[in-house]
Amino acid sequence: GAVVSQHPSWVICKSGTSVKIECRSLDFQATTMFWYRQFPKQSLMLMATSNEGSKATYEQGVEKDKFLINHASLTLSTLTVTSAHPEDSSFYICGADEEGGNTIYFGEGSWLTVV
Amino acid sequence: QKEVEQNSGPLSVPEGAIASLNCTYSDRGSQSFFWYRQYSGKSPELIMFIYSNGDKEDGRFTAQLNKASQYVSLLIRDSQPSDSATYLCAVNSGYSTLTFGKGTMLLVSP
């Protein structure tokens with residue numbers, strides 16, 4: 001149980017364009033979803049926390065207008081990187097917290113390369 | 001600021017040995033503690049979690065928690081080469097948000 005699916009696994013986009021990453025909880029309802037970013041040889045850094053039907057809460061230093069998060073249902077959250085720049089190239093990982101649970105399960109991650 | 005500290009390693013152990021991974025945390029109010037394994041280029045996968053002081057065993061893995069010392073560890077018995085990965089300690093201080101350490105790289109040699 002507790003499977004989280006993330007798509008796409010990797011994406012290459014041109015600088016200035018936008019890219020959307022989807023995160024789905026397949027066999028449970030996720031009250032809360034989390035978006036992390038991980039640069040090479042670094043730890044996971046929380047970008048934002050989203051609850052279904054409400055606005056995401058962004059961590060300090062994360063631009064909410066650049067990283068748009070939508071959590072439209074209990075099983076789907078999306079992260080859109082707008083006007084992407086090469087420095088946005090990273091490994092983006094979503095996590096989902098099962099309703100009533102206290103454990104975060106992660107998706108497979110999405111490698112973003114901005115050229 | 002909440003911090004989770006881990007030795008970056010690498011920790012090298014021979015196959016069949018016990019690997020001991022350690023983690024300290026700064027927030028005394030932390031409530032739950034997690035160990036994730038992350039293979040290179042992959043997403044973290046949950047190994048186990050612990051909430052109470054003492055030991056918790058799951059197969060070859062044992063998590064140990066000492067809240068007074070703000071210390072949590074993971075023991076891997078009978079280490080296998082497939083256990084070679086980076087092990088991330090994560091601490092939940094409330095509201096389901098996890099704070100991760102930078103991870104310890106474990107290398108198990110055949």
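Fair warning: this is a prediction, and the values are worked out from it, not measured in the lab.

## Topic: the overall build of chain B
Line of reasoning, step 1. When its secondary structure is counted, chain B shows zero helices and 11 strands.
Line of reasoning, step 2. At 13 Å, chain B has a C-alpha radius of gyration in line with the 13 Å of a compact globule built from 110 residues.
Line of reasoning, step 3. Buried positions account for 45% of the 110 residues belonging to chain B.
Line of reasoning, step 4. The long-range fraction of contacts in chain B, counting pairs at least 24 apart against all pairs at least 6 apart in sequence, stands at 54%.
Line of reasoning, step 5. In the structure as shown, chain B presents an accessible area of about 5,300 Å², 49% of it carried by carbon and sulfur atoms.

## What about the state of the cysteines?
Line of reasoning, step 1. A full pass over the atoms with the stated rule returns two disulfides over all chains.
Line of reasoning, step 2. The partner cysteine of Cys23 of chain A in its disulfide is Cys94 of chain A, sulfur to sulfur 2.0 Å. A torsion of 75° about the S-S bond marks the disulfide between Cys23 of chain A and Cys94 of chain A as right-handed. Taken together, the residues span a long stretch of sequence, with Cys23 of chain A in strand β3 (residues 19-25) and Cys94 of chain A in strand β9 (residues 90-98) at a distance of 71 residues.
Line of reasoning, step 3. By relative accessible area, which is 0% here, Cys23 of chain A ends up buried.
Line of reasoning, step 4. Residue Cys23 of chain B pairs covalently with Cys89 of chain B via a disulfide, S to S 2.1 Å. Judged by the torsion about the S-S bond (-70°), the Cys23 of chain B/Cys89 of chain B disulfide is left-handed. Residue Cys23 of chain B is found in strand β3 (residues 19-25), and its partner Cys89 of chain B is found in strand β9 (residues 85-92); the two are separated by 66 residues along the sequence. Residues Cys23 of chain B and Cys89 of chain B agree in their burial class; the two are buried.
Line of reasoning, step 5. Between Cys13 of chain A, a cysteine without a disulfide, and Cys94 of chain A, which holds the nearest cysteine sulfur, the sulfur-to-sulfur distance is 18 Å.

Parameters and conventions
- Residues numbered from 1 in each chain as written.
- Chains lettered and ligands numbered in written order.
- Predicted model: local features only at pLDDT ≥ 70, side-chain atom pairs only at ≥ 80, totals over all residues.
- Heavy atoms only, no water.
- Helix = DSSP H or I, 4+ residues; strand = E, 2+ residues; numbered from the N terminus.
- Rg over C-alpha atoms; globule rule 2.2 N^0.38 Å.
- Buried < 20%, exposed > 50% of the residue type's maximum accessible area, 1.4 Å probe, protein only.
- Contact = heavy atoms within 4.5 Å.
- Areas by Shrake-Rupley, 256 points an atom, 1.4 Å probe, with all protein chains shown as cover.
- Disulfide = S-S within 2.5 Å.

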